[in-house]
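Residue-level listing of the chains:
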Amino acid sequence: HPELQSQALMVGGFVRDALLGGHPKDADIEVLGLSPERLVELLEQMFPGKVDKVGQQFGILKIKVNDRVEFDVSIPRSESKSGIGHKGFEVHSDPTMSIYEAARRRDFTWNSLAADIMKGKVFDSYGGVQDLKDKVLRVTDPERFQDDPLRIMRAVQFAARLDFTIEPQSLKLMQEMVAKGDLNELPPERITAE
């Protein structure tokens, strides 16, 4: 039965912040092994009236448990560039995707971490734990990184906020993207927000 193979993992900033010894505020959960329809059905059973489907076209469901607790639930997905800017993507949910492939689309190695909190296991497909220890910001996948120029601004923000060094090849990639004019695709309000 496919649901017996399903797995819910904490991903992204939650895992990063927990490993840095902080108090994660954003909880993102990625569910492997369930169809999008079945995931919606189960979440609506568990959290009646609290499932916000506004981001469903991007494969993300928001659950607002109360005024203090909110989290995003998604199915692993791939994104392909279909237009300009940070919104010019086609999103394809794929519940059969491996943890390794699901992590590949994330911006930086330590944002590609996933954790099974029930088993106490961290999945580190791209060396994110070591990069956290070394205080290094490294692009997870150069090809996927270039799909979203807003990630350059995220890199600057993370490097400044966390006092991390940008790994030389990652910095070179970002400089090449800037030289090509990729940042021109972004509306000013997105740059300001980041």
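Rules used in this analysis
- Along each chain, residue indices are assigned from 1 in the same order as the chain's sequence is written.
- Local features in a predicted model are, by the rule used here, given only for residues with pLDDT of at least 70; side-chain atom pairs are given and counted only at 80 or more, and totals for whole chains, interfaces and linings are based on all residues.
- Hydrogens and waters are ignored; side-chain quantities use all the structure's heavy atoms.
- Helix numbering and strand numbering both begin at the N terminus, where a helix is a DSSP run of H or I of at least 4 residues and a strand a DSSP run of E of at least 2.
- Burial classes: relative accessible area under 20% of the type maximum marks a residue as buried, over 50% as exposed, and values in between as partly exposed (1.4 Å probe, protein chains only).
- We call two residues contacting when some pair of their heavy atoms lies within 4.5 Å.
- What sets the accessible areas is the Shrake-Rupley method with a 1.4 Å probe; for residues, cover comes only from the shown protein chains.
- For a helix, the expected span equals 1.5 Å multiplied by the number of residues minus one.
- Two N or O atoms form a polar contact when they lie within 3.5 Å of each other; inside protein one atom must be a possible hydrogen donor and the other a possible acceptor, and for residues adjacent in sequence the pair counts only when both atoms belong to side chains.
- Pairs were defined over the aromatic rings of Phe, Tyr and Trp, the Trp ring being its six-membered one, requiring ring centres within 6.5 Å. Orientation was assigned from the angle between planes: stacked under 30 degrees, edge-to-face over 60, tilted for the rest.
- When a carboxyl oxygen of Asp or Glu lies within 4 Å of a side-chain nitrogen of Lys or Arg, that pair is called a salt bridge.
- For two strands to be treated as a pair, DSSP must find at least two bridges joining them.
- Note on geometry: axes are lines fitted to C-alpha atoms, helical ones only across the stretch in contact, with angles between N-to-C directions running from 0 to 180 degrees.
- To form a nonpolar core, buried Ala, Val, Leu, Ile, Met, Phe, Trp, Tyr and Cys residues must be joined to one another through side-chain atoms within 4.5 Å.

**Q** I tried to follow the overall build of the chain on my own but got confused; where do I start?
**A** Looking only at helices and strands, the chain has 8 helices and 11 strands in total. Buried residues in the chain amount to 43% of all 194 residues. In the chain, once contacts between residues fewer than 6 apart in sequence are set aside, the share between residues at least 24 apart is 58%. Carbon and sulfur atoms make up 53% of the accessible area of the chain, which totals about 10,800 Å².

**Q** What am I meant to see in unusual backbone geometry here?
**A** For residues that are not glycine, phi is negative in most cases, and the peptide bond is trans in most cases. Its identity is not glycine, yet K135 carries a phi of approximately 60°, on the positive side. The residue K135 is located in the loop between α4 (128-134) and β10 (136-137) in this model.

**Q** Help me understand helix α7 (residues 168-180) in this model?
**A** Because each turn of an α-helix spans 3.6 residues, side chains separated by three or four positions in sequence point in the same direction. Here α7 contains 13 residues, and its C-alpha end-to-end distance of 18 Å stays within 8% of the 18 Å for a straight helix at 1.5 Å per residue. Looking at the buried residues of α7, the elements they touch are β10, α5 (142-145), α6 (150-162) and β11 (165-166). For α7, the N-terminal cap is E167; the gap from its side-chain oxygen to the backbone nitrogen of Q169 is 3.0 Å. Within two residues after α7, G181 carries a phi angle of roughly 90°, on the positive side.

**Q** Honestly, the packing of aromatic side chains in this entry has me stumped. Any pointers?
**A** The geometry of an aromatic ring pair is captured by the separation of the ring centres together with the interplanar angle, meaning the angle of the planes. A complete count under the given rule lists 7 aromatic pairs for this structure. Consider the rings of W110 and F158, whose centres lie 5.2 Å apart with planes at 90°: the pair is edge-to-face. Here W110 is found in the loop between α3 (99-104) and β8 (114-116), whereas its partner F158 is found in helix α6, with 48 residues between them in sequence. These aromatic residues form a ring-pair network of at least three members: F108, W110, F145, F158 and F164.

**Q** Could you clarify how one ought to interpret the pattern of salt bridges in this entry?
**A** Close approach of charged atoms lets side chains of opposite charge pair. This structure, assessed with the given rule, holds 15 salt bridges. With a closest N to O distance of 2.5 Å, R38 and E41 form a salt bridge. Within this pair, R38 and its partner E41 are both found in helix α2 (residues 36-46), separated by 3 residues, close to a single helical turn. The closest approach of N and O atoms between D141 and R104, which form a salt bridge, is 3.0 Å. Of this pair, D141 sits in the loop between β10 and α5 while R104 sits in helix α3; the two residues are 37 residues apart in sequence, bridging distant segments of the chain.

**Q** What is the right way to read the sheet that holds β8 from this model?
**A** The strands making up a sheet associate through hydrogen bonds between their backbones, and the pairing can be parallel or antiparallel. Taken in spatial order, the 7 strands of this open sheet run β3-β4-β5-β2-β1-β8-β9, and their pairing is mixed. Lying at the two open borders of the sheet, with one neighbouring strand each, are β3 (51-52) and β9 (121-123). The pairing of strand β1 (residues 7-11) with β8 spans 2 bridges and is classified as antiparallel. Bridging from a neighbouring strand, M10 pairs with A115 of β8. The strands touched by α2 are β2 (27-32), β3, β4 (60-64) and β5 (70-74); relative to β4, the strand with the most contacts, the crossing angle is about 0°.

**Q** Please explain the side chain of S74 as it appears in this structure.
**A** Summarising the element assignment, S74 is placed in strand β5. Beyond its immediate sequence surroundings of up to four residues, S74 is in contact with I29, E30, V31, L39, G59 and I60.

**Q** What is the right way to read the nonpolar core from this model?
**A** The nonpolar side chains of soluble globular proteins are, as a tendency, buried together. Counting 34 residues, the largest nonpolar core has L39, V73, F108, W110, L137, F145 and M174 as its most contacted members. Considering every element that reaches this core, the biggest residue donor is α6, with 5 residues. When sequence neighbours within four positions are dropped, the list of residues in contact with M174 reads F108, L137, V139, F145, I152, A155 and I166. Formed by 6 residues, the second largest nonpolar core is a distinct cluster that contains L9, V11, L32 and F123.

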